[in-house]
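# Remarks on the overall topology
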Amino acid sequence: MATQLLNTQTDAPRKLHYEQVAETQYELDWADLATLDLSNFDVPGGKEELANQLFNAIREIGFFYIVNFGFSQQEVDHQFAIGKEFFQLPTEEKLKYRADLENGGYNGYKPLGLREIVPGKFDNTEIYNIPKFIPEFNRPHPELIRENWPEISKFGKRINDEVVNKLLVLLAIILELPERYFIERHRYTEKSDCHLRYMKYHHRSPEENKEIGGVWVKGHTDFGSLTLLFRQPVAALQVRTPQDTWKWVKPYPGSITVNVADSLSFLTNGFLKSSIHRVVAPPPDQEHLDRIGVLYFVRPEDDLPLVPVESPVLERLGLKPDDGEIVTAGEWVKARVRGNVGGQKYRESGDQEVIKGRKTKYYD
């Protein structure tokens, strides 16, 4: 394990460049998802209008787009450039920063091929997770990350302050709670598993894709509250509909794709649906491309019990806490990491116990 802690006093960072690839020309079966224009958040009545739009969008499918969220395409592309450059580092260098996956730790590097996706075939993903930019998460990083630290940390903090907090306000309005209710349970200064992620799906040959049934990552839900995916033009993400069909998520220019995750489902007793999604082989005109991603994962404070909130909406619907053993947000995330990314065995589809009788489900 590397021992050098973060030091931002480095030489000027090398110039990085990234160009988004062309979108697929195939007309796929795209999901019909709502788009929220966050520039309306601060106009009179804007929050309420956006909350109403969001309410109608996420009750069933848990996926939506946001646009006009305050970042330029140049700022976003710079993060893609950092991610691309990181994954080109030698494997032995990246492994110095390996995450403690087997013990539920998610910060740092996740190597290629840890998880068996079908018998004898392993995943094609590399991940580098950077936790919150607070002293409690000071940790070693490779030189590339350290020399770009001012831009990376600014980007991550702005996502929280200018995007995530607005979405949390909208969710509170939907549930008829004080506007800052969820913000106060996702305080940036407190320990939680929020993180900025660079991710790379290595392309597979047509023969490899056929051997694995074209599915790179089984259908699953995410661990935290919300997941934000900056536009990724290589089509591969699919969402499961209430009709149990899979539809492609279109990479609209200038958008972030957002999905609801487990913690919000627990906190609302299923009123907000943790979205089921998977990653599949891209269409033929993109199957030769690696898929670089920039994501931000929003998770509640580690100590937050994942029990339904006292909401007038939930009360009217009769959604009351069950009698199961209480799990905290931190316990849930670590248990899912241990059982998912930290485990190598092939996992069948269906229900899988995670912790204290709580289950998750995987889909083909």
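Here, the structure is the one placed above.
Quantities reported herein were computed from a predicted structural model and do not represent experimental measurements.

With that settled, consider the packing of helix α2 (residues 73-87) against helix α5 (residues 149-174). One can describe the packing of α2 onto α5 by two numbers: an axis separation of 11 Å at closest approach and a directional angle of 125 degrees. When the axis of α2 is compared with that of α5, the two are oblique. Between α2 and α5 lies a crossing whose hand is left-handed. On the side of α2, the interface is formed by E75, V76, H78, Q79 and I82, while α5 contributes E151, I152, F155 and R158. Counted by class, the contact of α2 with α5 contains four nonpolar, two polar and three charged residues.

The next thing to look at is the packing of helix α1 (residues 46-58) against α5. In helix packing, the relevant descriptors are the interaxial angle and the interaxial distance, both defined with respect to the helix axes. One can describe the packing of α1 onto α5 by two numbers: an axis separation of 9 Å at closest approach and a directional angle of 80 degrees. One finds that α1 runs roughly perpendicular with respect to α5. Residues K47, L50, A51, L54, F55 and I58 of α1 form the contact with α5, whose participating residues are V169, L170, L171, I173 and I174. Looking at side-chain class alone, the contact of α1 with α5 contains ten nonpolar, no polar and one charged residues.

With 77 residues, the main nonpolar core has I66, L171, F182, Y198, L226 and L228 as its most contacted residues. Tallying contributions element by element places α5 first for this core, with 13 residues. Residues within four places of F182 in sequence aside, it is in contact with L168, L171, A172, L175, L177, L264, L267 and V309. In this structure, I61, M199, A236 and V279 belong to the second largest nonpolar core, which totals 22 residues.

The backbone of N68 sits at a positive phi, close to 50 degrees, despite the residue not being glycine. Relative to the helices and strands, N68 is located in the loop between β2 (63-67) and α2. The class of N68 is partly exposed, set by a relative accessible area of 48%. Here K356, not a glycine, exhibits a phi torsion of approximately 50 degrees, which is positive. Looking at the element boundaries, K356 is found in the loop between β15 (350-355) and β16 (358-362). K356 gets classed as partly exposed once you look at its relative accessible area, which sits at 33%.

With that out of the way, let us pick up the sheet that holds strand β3 (residues 108-110). Read across the open sheet, the eight strands follow the order β1-β2-β12-β9-β14-β7-β6-β3; overall the sheet is mixed. Either end of the sheet is taken by a strand with one partner, and the two such strands are β1 (35-37) and β3. For this sheet the average axis-to-axis angle between neighbouring strands, irrespective of direction, equals 25 degrees. Here β3 pairs with strand β6 (residues 125-131) via three bridges, running antiparallel. Paired with G108 across the strands is N129, a residue of β6. Where α1 meets the sheet, its contacts fall on β1, β2 and β12 (255-260), and the angle it forms with β1 comes to roughly 165 degrees. α2 rests against β3, β6, β7 (195-201), β9 (226-230) and β14 (291-298) of the sheet, and its axis sits at about 60 degrees to β7.

It is worth spelling out the pairing of β2 at this point. Taking burial as the measure, the five residues of β2 include four buried ones, the bulk of the element. Two strands pair when backbone bridges link them, and β1 and β2 are joined in this way by three bridges, in the parallel orientation. What sits directly across from D37, in β2, is V67. The parallel pair β1 and β2, bridged by α1, forms a crossover whose chirality is right-handed. Relative to β12, β2 is paired through five bridges, and the arrangement is antiparallel. By the bridge assignment for β12, Y65 is matched with T257.

Let us look at the side chain of S274. Along the polypeptide, S274 turns up in the loop between α7 (262-267) and β13 (277-280). Of the polar contacts made by the side chain of S274, one reaches the side chain of D262; its length is 2.8 Å. Setting aside chain neighbours within four positions, we find S274 in contact with T221, D222, V260, A261, D262 and S265.

This part takes up the packing of aromatic side chains. What the rule picks out here adds up to 16 aromatic pairs. Considering the side-chain rings of F155 and F230, the 5.3 Å spacing of their centres and the 40 degrees angle between planes classify their relative orientation as tilted. Placement of the pair is F155 in helix α5 and F230 in strand β9, with a sequence separation of 75 residues. One exposure class covers both F155 and F230, and it is buried. Directly above the aromatic system of Y188 lies the positively charged group of K132, at a separation of 5.5 Å from the ring centroid.

A word on the pattern of salt bridges. If you walk through the whole model with that rule in mind, you get 19 salt bridges. Across the salt bridge formed by E93 and K96, the nearest N and O atoms sit 3.0 Å from each other. Overall, K96 belongs to the partly exposed group, its relative accessible area being 40%. Overlapping salt bridges bring together E23, R231 and K250 as one network.

Conventions used here
- Residues numbered from 1 in each chain as written.
- Predicted model: local features only at pLDDT ≥ 70, side-chain atom pairs only at ≥ 80, totals over all residues.
- Heavy atoms only, no water.
- Axes fitted to C-alpha atoms, helices over the stretch in contact; angles between N-to-C directions.
- Helix = DSSP H or I, 4+ residues; strand = E, 2+ residues; numbered from the N terminus.
- Parallel < 35°, antiparallel > 145°, perpendicular 65-115°, else oblique.
- Left-handed = near helix turned anticlockwise from the far one by under 90°.
- Contact = heavy atoms within 4.5 Å.
- Nonpolar A, V, L, I, M, F, W, Y, C, P; charged D, E, K, R; others polar.
- Core = buried A, V, L, I, M, F, W, Y, C linked by side-chain atoms within 4.5 Å.
- Buried < 20%, exposed > 50% of the residue type's maximum accessible area, 1.4 Å probe, protein only.
- Pairing = 2+ DSSP bridges.
- Right-handed = clockwise from strand over helix to strand, strands pointing away.
- Polar contact = N/O pair within 3.5 Å; in protein donor to acceptor, adjacent residues only side chain to side chain.
- Phe/Tyr/Trp six-rings, centres within 6.5 Å; stacked < 30°, edge-to-face > 60°.
- Lys NZ or Arg CZ within 6 Å of the ring centre and 35° of its normal.
- Salt bridge = Lys/Arg side-chain N within 4 Å of Asp/Glu carboxyl O.

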